[in-house]
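# Observations on chain architecture
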Amino acid sequence: MIPAYTGAQVRAAEQPLLDAGAGPGLMRRAAHGLARHTAELLRRERGRVYGTRAAALVGTGNNGGDALFAMAFLTRRGVACTAVLLGEKAHDAGLAAFRRAGGRVVDGRPGNNAGAQPREDEDTDDGGTDDGSPRWRAAVAALAGADVVIDAVLGTGARGGIELPLLPNGALVVACDLPSGVDADTGNAADSALEADLTVTFGALKTGLAVGRGHLLAGRVEVVDIGLGPHLGDPDLYVIERSDVARLLPRPARDAHKYSRGVLGLVAGCDRYPGAAVLSATAAVNAGLGMLRTVALGRAAELLAHAVPEAVPAEDTDVRVQAWAVGPGIGDDAGQLAAAKRAIASGLPCVVDASALRRFEPSDGRGNIVLTPHAGELQDLLTRAGLDVEAGDIAADPVRWARRAASTYSSVVLLKGPATVCAAPDGYTVVCNAGGPELATAGSGDVLTGIIGKFLATGNQLGDTRSLVQVAATAAAVHGLTVHTIGSAATPQSARALAERVSAAVDTVGN
Ligand SMILES: NC(=O)C1=CN([C@@H]2O[C@H](COP(=O)(O)OP(=O)(O)OC[C@H]3O[C@@H](n4cnc5c(N)ncnc54)[C@H](O)[C@@H]3O)[C@@H](O)[C@H]2O)[C@@H](O)CC1
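Thresholds, definitions, all that
Residues numbered from 1 in each chain as written. Predicted model: local features only at pLDDT ≥ 70, side-chain atom pairs only at ≥ 80, totals over all residues. Heavy atoms only, no water. Axes fitted to C-alpha atoms, helices over the stretch in contact; angles between N-to-C directions. Helix = DSSP H or I, 4+ residues; strand = E, 2+ residues; numbered from the N terminus. Parallel < 35°, antiparallel > 145°, perpendicular 65-115°, else oblique. Left-handed = near helix turned anticlockwise from the far one by under 90°. Contact = heavy atoms within 4.5 Å. Nonpolar A, V, L, I, M, F, W, Y, C, P; charged D, E, K, R; others polar. Phe/Tyr/Trp six-rings, centres within 6.5 Å; stacked < 30°, edge-to-face > 60°. Buried < 20%, exposed > 50% of the residue type's maximum accessible area, 1.4 Å probe, protein only. Pairing = 2+ DSSP bridges. Near = heavy atom within 4 Å. Polar contact = N/O pair within 3.5 Å; in protein donor to acceptor, adjacent residues only side chain to side chain. Areas by Shrake-Rupley, 256 points an atom, 1.4 Å probe, with all protein chains shown as cover.

### A short note on the packing of helix H3 (residues 62-76) against helix H4 (residues 92-100)
Between H3 and H4, the least distance of the axes is 8 Å, while the angle of their chain directions is 10 degrees. One element, H3, and the other, H4, form an angle in the roughly parallel class. The interaxial crossing formed by H3 with H4 has left-handed handedness. Residue-level contacts link Leu 68, Phe 69, Met 71, Ala 72, Thr 75 and Arg 76 of H3 to Ala 93, Gly 94, Leu 95, Ala 97 and Phe 98 of H4. The residue inventory of the contact of H3 with H4, partitioned by class, reads 8 nonpolar, 2 polar and 1 charged.

### Thoughts on the packing of aromatic side chains
Scanning all chains against the criterion turns up 2 aromatic pairs. Relative to Tyr 428, the ring of Tyr 238 has its centre 5.9 Å away and its plane inclined at 45 degrees; by these criteria the two rings are tilted. Of the two residues, Tyr 238 is situated in strand S10 (residues 237-239) and Tyr 428 in the loop between strand S18 (420-423) and strand S19 (429-432); the sequence distance between them amounts to 190 residues. Tyr 238 gets classed as partly exposed once you look at its relative accessible area, which sits at 26%. Owing to a relative accessible area of 12%, Tyr 428 belongs among the buried residues under this scheme.

### Structural notes on the sheet that holds strand S5 (residues 148-152)
The 7 strands lie next to each other as S4-S3-S2-S5-S6-S7-S9, forming an open sheet whose pairing is parallel. This sheet does not close on itself; its edge strands, each paired only once, are strand S4 (104-107) and strand S9 (220-224). Pairs of neighbouring strands in the sheet enclose a mean axial angle of 20 degrees, with direction left out of account. Relative to S5, strand S2 (residues 53-58) runs parallel, the two sharing 5 bridges. Paired with Leu 57 across the bridge in S5 is Asp 151. Where H3 meets the sheet, its contacts fall on S2, strand S3 (80-85), S5, strand S6 (172-176) and strand S7 (198-202), and the angle it forms with S5 comes to roughly 150 degrees.

### Some details on the packing of helix H9 (residues 275-286) against helix H16 (residues 444-458)
Two elements in contact, H9 and H16, have axes whose closest approach is 7 Å; the angle formed by their N-to-C orientations is 40 degrees. Accordingly, the angle class assigned to the pair H9 and H16 is oblique. Judged by the sense of rotation from one axis to the other, the crossing of H9 with H16 is right-handed. Note on element contacts: H16 touches H9 through Asp 446, Val 447, Thr 449, Gly 450, Ile 451 and Lys 454, opposite Ala 276, Leu 279, Ser 280, Ala 283 and Ala 284. Across the contact of H9 with H16, the residue classes tally to 6 nonpolar, 3 polar and 2 charged.

### Description of the site of the ligand
Residues in contact with the ligand amount to 21 residues; listed here are only the nearest, Asp 66, Gly 155, Arg 159, Gly 161 and Asp 177. The separation between an oxygen atom of the ligand and a polar side-chain atom of Thr 60 is 2.7 Å. Contacts to the ligand include Gly 155, whose backbone N or O atom sits 2.6 Å from an oxygen atom. For the ligand, whose free accessible area comes to 870 Å², the fraction covered by protein is 78%. Mapped by element, the contributors of at least two residues to the shell around the ligand are helix H1 (7-19), helix H2 (23-46) and H3. For the shell around the ligand, the per-class residue count stands at 7 nonpolar, 9 polar and 5 charged.

### Brief notes about the sheet that holds strand S13 (residues 311-313)
Strand order in the open sheet formed by 12 strands is S8-S1-S10-S19-S18-S17-S16-S15-S14-S11-S12-S13, and the pairing between neighbours is mixed. Since the sheet does not close on itself, it has two edges, and those belong to strand S8 (205-206) and S13, each with one partner. Contacting strand S11 (263-267), strand S14 (323-326), strand S15 (350-352), strand S16 (369-371) and strand S17 (412-415), H16 crosses the sheet at an angle of about 170 degrees to S14.

### Quick notes on unusual backbone geometry
If a residue is not glycine, its phi is most likely negative; likewise, a peptide bond is most likely trans. Unlike most non-glycine residues, Ala 354 shows phi in positive territory, near 50 degrees. Checked against the element boundaries, Ala 354 lands in the loop between S15 and helix H12 (355-358). With a phi angle near 50 degrees, Ser 410 is a residue other than glycine that sits in the positive phi range. Structurally, Ser 410 is set in the loop between helix H15 (398-408) and S17.

Right, dumping it as structure tokens:
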């Protein structure tokens, strides 16, 4: 697991070192890491470092200082470097070092009225600012032709919105510590924040790079160790890695039989929505389940019999299983909703999804239940519990609201989204960043429910809600990895294809 910390935690860890006069050393290590990773990116994407062109957008604080020192290193490696100063001041020592190394400095400050003229062939990306003022003209002209632009306007000291100049088309973007305008604590981002190819972050991974828009804007993330380790304390959350998935995956014992491999009860599907039951059932079976008992009605039952012959129909929830998965495709069917309620009340481990979430009450919660809402369903859960929360609030701080729902409903909450946030009632949180937009199709959630159900039924990883969070994150990772078992990431993928590839995904991490 990769530990992630809020910006406030990282700043607190830095403080004793700053008090002891270690600030310049910290910055030198950060700058060295930024220069090294930027050079590696140039070598990979441009085939060389010497003779390339770099520009940095430099703000007033230490974040800008990091970039100035980093560009001093790069200048010495034969990179033509330009610093575009966007604030009233710049880090003194960093600026002096950059000038000494022979770097070029351009004044992009608000008061600058002597801006350079744009080149005639200037070609810029959308998204930034070019209101024609000399300030932005100077910045845009200085950036033209850059192979790489280092975004070092704001780091963990950011407050509120930010304006940035237009970037040249085709330039690589490296964010220094985090993309300017991203909130290191939450992942919320200013509209103008730039999308990076690479983020080089210092001291520790920041929560804001693991979740929300910050995660989407960060690109590849490299963590540079600057020696904060002993001062960091408990992380805000963890990001699950492939090696964790391999460790946490339940494996059958050599003397396993179908009951020891897990028996899952599935309450899914109805006449109106028969397909969801097939997707959940297929995923559960392909995840390595010992036996599946299905409570399905009418067309859903017929379809299941054809599509998933392994599924053993059950008349009711009065059957012997080790865990339940309830909700996919049950819609408003009164019989299926009642069956889901009974399964939830059985006391067995249970994953609750889709329509079953709409009837789930805080008093139904307990430590062996996983709720799997998307943002809209989370808003509904929170609103029904008396909390005033808008969709935008959840997008701006998904970890906070997933935790809030987990404590309110005394259950583990798996919040679906570009990053999957799994939170326990005590706040322990694991984020899964496997997969991508390929997973955002109707039916994909039904697949995830089947995988979680299988892991709950196997049960050998369950102990407390923290273990259950890890189980949920492992299931989310397997779900995400199904994407990588089919063609390239750009290959369109149906939920059915994902369900059928669950065994291949388990195989990729399990071996
Ligand atoms: N503190 C340390 O020892 C270290 C800090 N490091 C770097 O320092 C950064 C934090 O430095 P700072 O605390 O100086 O903060 P930043 O450099 O992130 O920004 C602070 C400056 O930006 C201004 N500012 C804030 N919000 C603004 C906005 N919306 N628009 C325009 N200006 C705005 C503030 O007035 C202040 O001058 C980290 O992200 C990291 O890059 C690294 O050098 C490692 C060591």
